[in-house]
There are 2 protein chains.
Amino acid sequence: MKTIALKKDLKKINSPTMADIVELKLMEFLKKTAFQPGDALPKEMELAEALGVSRNVVREGLSRLKMLGLIESRKRRGMVFVRPDILSSFEKILDPIIMDETTLKDIFELRLVLEMGLGELLYRNKTDKDIAVLEKIAKDQDGIGNTFRIKHELAFHGKLYEIAGNETLKRFQIMLLPIFAYVTEREDKPTQGTVNHADLVEILKHGTKEDFNKGMLEHLKPHFDRLENF
Amino acid sequence: MKTIALKKDLKKINSPTMADIVELKLMEFLKKTAFQPGDALPKEMELAEALGVSRNVVREGLSRLKMLGLIESRKRRGMVFVRPDILSSFEKILDPIIMDETTLKDIFELRLVLEMGLGELLYRNKTDKDIAVLEKIAKDQDGIGNTFRIKHELAFHGKLYEIAGNETLKRFQIMLLPIFAYVTEREDKPTQGTVNHADLVEILKHGTKEDFNKGMLEHLKPHFDRLENF
């Protein structure tokens, strides 16, 4: 006779809670009604009535949208729609302590891929003034040798994202670098290749985009090699 | 006499709410105590007592951690710690309808930078079997001409991320592509350069990493040119 482990074989259906549904409905509402930043939402009570749910459930739904940065409470105006800061909730959980190894590796690689893909934008946007600023940054870091310091990385690579003209990418790397440092510091290995920051500036000044891509790869080489050990 | 616009010149201090503080405290607690996935959190009442706040405030704080994907409610066990899905809340708000133009451009560029930076990982990881699958995908798309279709992009570029061995990046591009399509479809312009998917496979088969980078740039060229009009 076949043994049937009812509880094991027949998995519980993971039905969405009322708050899940209200969250979704409110999100659709914000988009469909083409809310503009600063527009006030209907009152909690009105929403509850329209959706046919309790005020508590509406409050839970609103609290979630607040968490996502889609709405804010304003004195005397109640909840208003705001343009979400797309990186803010990402930022809160991007912590190496609570990540599994696979995600840690994925995020480590993500930074490498971003740095490697920057060449085209850099060569489209760079100005002499940019290069001068970058040169100053690299010069100030002269003599630090092969130590990975977040502040030096932020200063130099952050300026690269700035030259590329992408504020989101710049903020993104500020979030990625602590994770990068965490992985890097687990081993006592070189943290940059034979091409350093000053060399990269030199290439940006006189070299081609292809030269720059090669230089950046050489600069990051120890990190790419680190991927083998994940 | 100098007119003082008190309310205008003296900006209100944006002090964190009790729920903000509790959210932060709970987050620190999870990290410091080195919670493992599946570990149950103390009861709401115990947390409220330890923090010296009301149960309502604790509930609000817990609801936020839930939203971030750090905890889940389980029947009979209460709240348990789970490894956060780092992309889930990002996914919910990554919608072109609620983005301002600058963020839209930043995200559009983000995809371009990621595609351009993929070469090194591809050449480190690709196998003959990967190339064969990719070749089949490109062949099935033969004759679609210069139309941008999300499903074709997902199939081909998704496979590239798979070959690169990065699941987070693959999911990331699934989220980025609708935004990419939204921007692309605003104008009636070419959506790929003179190098198509089949050509890229050919390069991966017989060409160098440098050839591939050049090919990818040519493939994406109309999108890079689109950046001028933002």
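Residues numbered from 1 in each chain as written. Chains lettered and ligands numbered in written order. Predicted model: local features only at pLDDT ≥ 70, side-chain atom pairs only at ≥ 80, totals over all residues. Heavy atoms only, no water.

## Regarding the domain arrangement of chain A
Reports of interface size often rely on the accessible area that becomes lost once the parts have come together. What the domain assignment lists for chain A is domain 1 (9-81) and domain 2 (89-229). Computed over C-alpha atoms only, the centres of domain 1 of chain A and domain 2 of chain A are separated by 40 Å. (Domains from an automatic or database assignment.)

## Observations concerning helix α2 (residues 18-32) of chain B
Residues and elements named next belong to chain B. The terminal C-alpha atoms of α2, which comprises 15 residues, lie 21 Å apart, in line with the 21 Å expected from a rise of 1.5 Å per residue. Of all the residues in α2, the buried ones are A19, V22, E23, L26, M27 and L30. In an axial view of α2, the angular spread of the buried residues amounts to 135°, which keeps them on one side of the axis. Across α2 from its buried face, at more than 90 degrees, point the exposed residues L24 and K32. (Helix = DSSP H or I, 4+ residues; strand = E, 2+ residues; numbered from the N terminus. Expected span 1.5 Å × (residues − 1). Buried < 20%, exposed > 50% of the residue type's maximum accessible area, 1.4 Å probe, protein only. Arc of directions from axis to C-beta.)

## Some points on the UniProt feature "domain: HTH gntR-type" (unreviewed entry) in chain A
Mapped onto this numbering, the UniProt entry annotates "domain: HTH gntR-type" (unreviewed entry) at residues 16-84 of chain A. Along residues 16-84 of chain A, the helical share is 52% and the strand share 12%, with 24 Å between the first and last C-alpha atoms. (UniProt positions renumbered as here; feature names shortened; annotations may be inferred.)

## With respect to the pairing of strand β1 (residues 71-74) of chain A
Residues and elements named next belong to chain A. When β1 meets strand β2 (residues 78-81), the two strands line up antiparallel, connected through four bridges. The residue bridging I71 from the neighbouring strand is F81, located in β2. Once β1 ends, the chain turns through three residues before running back antiparallel as β2, passing R76 with a positive phi of about 65°. (Pairing = 2+ DSSP bridges.)

## Brief notes about the relation of the copies chain A and chain B
Least-squares fitting of chain A to chain B yields an RMSD of 0.0 Å, with the superposition described by an axial translation of 0.0 Å and a rotation of 180°. Taken together, the rotation and translation relating the two chain copies correspond to the operation of a two-fold axis. Taking the C-alpha atom as reference, chain A places G117 of chain A closest to the rotation axis, 1.7 Å from it. (Least-squares fit on C-alpha atoms with pLDDT ≥ 70 in both.)

## Concerning the interface of chain A and chain B
In this complex, chain A contributes 54 residues to the contact, which on the side of chain B involves 54 residues. On the chain A side of the interface with chain B, the three residues burying the most area are I86, I93 and I98 of chain A, jointly 14% of the side's total. The interface formed by chain A and chain B includes eight salt bridges. Where chain A meets chain B, there are 18 residue pairs in polar contact (both at pLDDT 80 or more). If you list the elements that add at least two residues to the side of chain A that touches chain B, you get α2 (18-32), α4 (55-67), α5 (88-93), α6 (101-116), α7 (119-125), α10 (167-184) and α12 (209-226) of chain A. With nine residues, the single largest contributor to the side of chain A that touches chain B is α6 of chain A. (Contact = heavy atoms within 4.5 Å. Buried area = accessible area lost by both parts, 1.4 Å probe. Salt bridge = Lys/Arg side-chain N within 4 Å of Asp/Glu carboxyl O. Polar contact = N/O pair within 3.5 Å; in protein donor to acceptor, adjacent residues only side chain to side chain.)

## Examining unusual backbone geometry
Look at A34 of chain A: it is not a glycine, yet its phi comes out positive at around 50°. Secondary-structure assignment places A34 of chain A in the loop between α2 and α3 (44-51). The exposure class assigned to A34 of chain A is partly exposed, which follows from its relative accessible area of 46%. Located in the positive-phi region is R76 of chain B, a residue other than glycine, with phi close to 65°. Following the sequence through the fold, R76 of chain B ends up in the loop between β1 (71-74) and β2 (78-81). For R76 of chain B, a relative accessible area of 78% gives the class exposed.

## Thoughts on the nonpolar core
Proteins that are soluble and globular tend to have nonpolar side chains buried together. If you look at the biggest cluster of nonpolar residues, it comprises 129 residues, and the most contacted ones within it are L114 and F172 of chain A together with L114 and F172 of chain B. Dropping the residues within four chain positions of it, F172 of chain B is found in contact with F172 of chain A together with L87, F90, L110 and L114 of chain B. (Core = buried A, V, L, I, M, F, W, Y, C linked by side-chain atoms within 4.5 Å.)

## Let's talk about the pattern of salt bridges
Within this structure, the stated rule accounts for 52 salt bridges over all chains. Among the ionic pairs, R226 of chain A bridges to E187 of chain A, the shortest N-O distance being 3.3 Å. Here R226 of chain A, found in helix α12, pairs with E187 of chain A, found in the loop between α10 and α11 (197-206); they are 39 residues apart in sequence, far enough to count as distant. With a shortest N-O distance of 3.2 Å, D225 of chain A and R124 of chain B are connected by a salt bridge. Here the residue D225 of chain A occupies a position in helix α12, and R124 of chain B occupies one in helix α7 (residues 119-125), the pair thus bridging two chains. By sharing partners, the salt bridges in this structure join E120, R124 and K209 of chain A together with K221, D225 and E228 of chain B into a single network.

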